[in-house]
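Observations on the three-dimensional arrangement
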Amino acid sequence: LYSWMTREGVDAAFFLDSDVMLFSNISHMTIKQGCDAYVSIPDQHEFSSFDWTAWAGSGYLRRSVLSSYLSFVLDIYSQEPALEFLRKKSKESPFVCDMTTWYLFIVRSDEHQRQRFKASA
């Protein structure tokens, strides 16, 4: 998605996951001024439960957010402390997937959530 957005000069996109159908015309969809992304974050358990999800598989994203997310994912998968943390999460509450990394990206981006993350790590 990021490569396509960059190649085509698209700054923001509304996209759907492969198993989602849209039955509405969204050409008149209004995005809040200053909004960079819409993602779904269900009610979360305690951070220490390792039961984390954030869904960005269908929604609205600016290319800048996607770029930051991709950099974040490459960073966490290339640093041993982060990898060890993901291994621990995998043992406690399997699975590590894109929903896990989106959740961690959001936590890192939010000051309040970042403090919870540091306290639980």
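Reading the values: the criteria
Residues numbered from 1 in each chain as written. Predicted model: local features only at pLDDT ≥ 70, side-chain atom pairs only at ≥ 80, totals over all residues. Heavy atoms only, no water. Helix = DSSP H or I, 4+ residues; strand = E, 2+ residues; numbered from the N terminus. Buried < 20%, exposed > 50% of the residue type's maximum accessible area, 1.4 Å probe, protein only. Contact = heavy atoms within 4.5 Å. Areas by Shrake-Rupley, 256 points an atom, 1.4 Å probe, with all protein chains shown as cover. Core = buried A, V, L, I, M, F, W, Y, C linked by side-chain atoms within 4.5 Å. Phe/Tyr/Trp six-rings, centres within 6.5 Å; stacked < 30°, edge-to-face > 60°.

**Structural notes on the overall build of the protein**
From N to C terminus, the protein includes 5 helices and 3 strands. Sequence-ordered secondary structure for the protein, helices as α and strands as β, is α-β-β-β-α-α-α-α. In the protein, which comprises 121 residues, the share counted as buried stands at 26%. For the protein, long-range pairs separated by at least 24 residues make up 67% of all intrachain contacts whose partners lie at least 6 apart in sequence. Total accessible area on the protein stands at roughly 8,000 Å², and carbon and sulfur atoms take up 54% of it.

**Things to note about the nonpolar core**
Core analysis: the biggest nonpolar cluster contains 19 residues, and Leu61, Leu66, Tyr69, Phe72, Trp102, Leu104 and Phe105 have the highest contact counts within it. If you list the elements that add at least two residues to this core, you get strand E1 (12-15), helix H2 (63-76), helix H3 (80-92) and helix H4 (98-109). Tallying contributions element by element places H2 first for this core, with 6 residues.

**Observations concerning the packing of aromatic side chains**
Per the counting criterion, the structure on display carries 4 aromatic pairs. Between Tyr69 and Trp102, the ring centres sit 3.8 Å apart and the planes meet at 5°, which makes this aromatic pair stacked. One end of the pair, Tyr69, is in helix H2; the other, Trp102, is in helix H4, and 33 residues separate them in sequence. Residues Tyr69 and Trp102 agree in their burial class; the two are buried. Given a relative accessible area of 7%, Trp102 falls into the buried group. Every member of this aromatic cluster is reached through a ring pair, and the members are Tyr69, Phe72, Trp102 and Phe105.

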